[in-house]
Amino acid sequence: MLRILSGIKPSGTLHIGNYLGMIRPMVESQKRGQLFCFIANLHSLTTLFDGPRMARNSVDALIDMMALGIDPQRSVFWLQSDVPEVAELTWYLGNVTPMGLLERCHAYKDALAKGVPANHGLFSYPVLMAADILLFQSNIVPVGRDQKQHVEVTRDIAAKFNAAYGEAFTLPEPEIAEAIATIPGVDGQKMSKSYGNTVEIFGDEKATKKKIMGIVTDPTPVEAPKDPDKSVIYSIYKLFAGADKAKTMAERFLSGGYGYGDAKKELFEMLWAYFEPFRNKRKELAGNLDYVDEVRKRGADKAREAAAGTIKKVRELVGVL
Ligand code: ADP
Ligand code: TRP
């Protein structure tokens, strides 16, 4: 069976761009193969230096992903640090990874350009990511465009290891959902935590409404017809509402007499209803942390079992007794 693997960093709060760009495709991939999905807390350590917050974010991320549709019965779902074999494999892989390969990584270069202080963790981030992927012999890795290079680096590292020691790893394929648009934020730029323009999935009602009512618009008067495709309101609406409702909103924009305020209200109502079942599930899980913990432990057991054959073989190949 096709093995699909993806990781998500525990960022604190998820926004609707994360949902459409990565979470929903991941949830849907549970229908076509065996999904291996984990919370990449070790990766977050490269930039977050606050232990209590790190721990809180990790539990929140486990709850969020289950609330949004990761099914721990059907998929293997775990917290990265619960599988220590991944750190061990990172070391073996690091020794067949040329410096130049990591020096060329955009994510690392961008971080440096933004003035993020360089540390060894940030530099070797792609080696840890390669270990995540290769430990489970993954075939397909669905990622955002920004992570494509890291999957290519993973293939290079796997090929180097296989050439040095003999066949140990499957070469994974990145899968980029090109069809999924970049979701704009409330200011019209790409929605991103770092721009402060997000609409949170699990924000409270008042705050969410306020964010949506604050979406930037142009000064076209209420009576005038408006181009829906130039509006952030419609761009977000159509991605969630389905074709029929989107068509109705587009017609209202074009016919005039429909103000941006009305459109924003409609967008809010639709989003609030869309995420209602997920909010309810989240509340239920947050009130049952013993269950969440049990899922986490079972997930770690399943993941370690799936990794056992590979790590054993790799230890033999490299000559670690
Ligand atoms: P942020 O930009 O808010 O820091 P991340 O880089 O943590 O978000 O995003 C995690 C994943 O969520 C990305 O790999 C990408 O697939 C998806 N994603 C983030 N923002 C958007 C967006 N505006 N539109 C579509 N997908 C997005
Ligand atoms: N680096 C990914 C991101 O920032 C998260 C991640 C870590 C990941 N390990 C992975 C994604 C393995 C896919 C496969 O989004």
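As the structure is a computational prediction, the values presented were derived from the model and not from experiment.

How each quantity is defined
- Residues numbered from 1 in each chain as written.
- Chains lettered and ligands numbered in written order.
- Predicted model: local features only at pLDDT ≥ 70, side-chain atom pairs only at ≥ 80, totals over all residues.
- Heavy atoms only, no water.
- Salt bridge = Lys/Arg side-chain N within 4 Å of Asp/Glu carboxyl O.
- Helix = DSSP H or I, 4+ residues; strand = E, 2+ residues; numbered from the N terminus.
- Buried < 20%, exposed > 50% of the residue type's maximum accessible area, 1.4 Å probe, protein only.
- Near = heavy atom within 4 Å.
- Polar contact = N/O pair within 3.5 Å; in protein donor to acceptor, adjacent residues only side chain to side chain.
- Areas by Shrake-Rupley, 256 points an atom, 1.4 Å probe, with all protein chains shown as cover.
- Nonpolar A, V, L, I, M, F, W, Y, C, P; charged D, E, K, R; others polar.
- Domains from an automatic or database assignment.
- Contact = heavy atoms within 4.5 Å.
- Buried area = accessible area lost by both parts, 1.4 Å probe.

When you look at the pattern of salt bridges in this model, what are you seeing that I'm missing?
Two side chains that carry opposite charge are able to pair once their charged atoms sit near each other. Counted according to the given criterion, the structure contains 17 salt bridges. Residue Lys211 is joined to Glu200 by a salt bridge in which the shortest nitrogen-to-oxygen separation is 3.2 Å. One end of the pair, Lys211, is in helix H10 (residues 205-213); the other, Glu200, is in the loop between strand S5 (173-175) and H10, and 11 residues separate them in sequence. Lys211 gets classed as partly exposed once you look at its relative accessible area, which sits at 29%. A relative accessible area of 25% places Glu200 in the partly exposed class. Residue Lys247 pairs with Glu251 through a salt bridge whose shortest N-O separation is 3.7 Å. Residue Lys247 and its partner Glu251 are located together in helix H12 (residues 243-255), separated by four residues, close to a single helical turn. A relative accessible area of 54% places Lys247 in the exposed class. Here the salt bridges do not stand alone but share partners, grouping Asp82, Asp293, Arg296 and Lys297 into one network.

What is the right way to read the site of ligand 2 from this model?
In the neighbourhood of ligand 2, 14 residues make up the surrounding shell, with Lys9, Tyr125, Met129, Asp132 and Gln147 lying closest. Here a nitrogen atom of ligand 2 and a side-chain polar atom of Tyr125 are 2.7 Å apart. One nitrogen or oxygen atom from the side chain of Asp132 is found 2.8 Å from a nitrogen atom belonging to ligand 2. Isolated, ligand 2 exposes 370 Å² of accessible area, and the fraction of that covered by the protein chains is 92%. Contributions of two or more residues to the shell around ligand 2 are made by strand S1 (3-8) and helix H8 (125-135). Here the shell around ligand 2 gets four residues from one element, more than from any other, and that element is H8. Its residues assigned to classes, the shell around ligand 2 shows eight nonpolar, four polar and two charged.

How should the site of ligand 1 be read in this particular structure?
Residues in contact with ligand 1 amount to 14 residues; listed here are only the nearest, His15, Ile183, Met191, Ser192 and Lys193. Within the backbone of Ile183, a nitrogen or oxygen atom sits 2.9 Å from a nitrogen atom of ligand 1. Here ligand 1 has 540 Å² of accessible area as a free molecule, and 80% of this is covered by the chains.

What's the story with the domain arrangement of the protein chain in this structure? I'm lost.
For interface size, the figure often reported is the accessible area lost on association. Domain parsing of the protein chain yields domain 1 (3-182 + 289-318) and domain 2 (203-274). Taken together, the four residues of domain 1 in the interface contact five residues of domain 2. Together, the buried faces of domain 1 and domain 2 total about 450 Å²; carbon and sulfur atoms form 73% of this surface. Counting across the interface, domain 1 meets domain 2 through zero salt bridges. Counting every contact that joins domain 1 to domain 2 gives one residue pair in polar contact (both at pLDDT 80 or more). Its residues assigned to classes, the side of domain 1 that touches domain 2 shows three nonpolar, no polar and one charged.

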